[in-house]
Amino acid sequence: MKERIRICHPQDCVTLLHRYGKMKQEHFGAIFLNAKKEIIQSKCFFIGSDNICNVYGKIVFWRACKLEASAMILFHNHPSGDTSPSDYDIKLTEKFEKGGDLLGIQVLDHIIIGKYDYFSFLEHDLMSQEEREVSAAE
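Residues numbered from 1 in each chain as written. Predicted model: local features only at pLDDT ≥ 70, side-chain atom pairs only at ≥ 80, totals over all residues. Heavy atoms only, no water.

(A) Spatial organisation of the packing of aromatic side chains. Considering all chains together, one arrives at eight aromatic pairs under this definition. Each ring, one from Tyr 20 and one from Phe 75, has its centre 5.2 Å from the other, and the planes form 40°; the classification is tilted. Here Phe 75 lies in strand S3 (residues 71–77) and Tyr 20 lies in the loop between helix H1 (10–17) and strand S1 (27–33), a separation of 55 residues in the sequence. You can call Tyr 20 buried: its relative accessible area is 6%. Counting every residue linked through ring pairs, the aromatic cluster contains Phe 28, Phe 32, Phe 45, Phe 46, Tyr 56, Phe 61 and Phe 96. (Phe/Tyr/Trp six-rings, centres within 6.5 Å; stacked < 30°, edge-to-face > 60°. Helix = DSSP H or I, 4+ residues; strand = E, 2+ residues; numbered from the N terminus. Buried < 20%, exposed > 50% of the residue type's maximum accessible area, 1.4 Å probe, protein only.)

Okay, structure coming up:
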């Protein structure tokens, strides 16, 4: 059986997602994890314009439920290169956290990928609950 990659830190995700930093359109997706924080699947769900991407949570959560994921890490890129989260990014993350709470699927982080750097909601204390740490005890 193929060994799965374990996510212990937001930087682990950035290594997997760096290709999105060069894209000229916004891409939004999620990395789905099992209870051991190992990657089950990484998937881009939506592609938008150069500065916005419409996101539908039900599609992302449907996949999470189908995969029986315990947790997910959201990601999207900012083609401008500025990784600062917009108000929309912050509100969207809050909605995903609420949906995850209802379904028992932790939303551990939301990572914004830029051309040269990234922004982690977890690293900037923008996730709503402390127990969402990527490196949480198994």
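(B) View of the sheet that holds strand S4 (residues 106–113). If you walk across this open sheet you meet the five strands as S2-S1-S3-S4-S5, and the pairing is mixed. Strands with a single pairing partner mark the edges of an open sheet, and in this sheet they are strand S2 (39–47) and strand S5 (118–120). Pairwise comparison of adjacent strand axes, ignoring direction, gives a mean angle of 20° for this sheet. Relative to S2, S1 runs antiparallel, the two sharing seven bridges. Looking at the pairing, Phe 28 lines up with Phe 46 of S2. Each of S1, S2, S3, S4 and S5 touches H1; the most contacted strand, S4, lies at about 50° to it. (Pairing = 2+ DSSP bridges. Axes fitted to C-alpha atoms, helices over the stretch in contact; angles between N-to-C directions. Contact = heavy atoms within 4.5 Å.)

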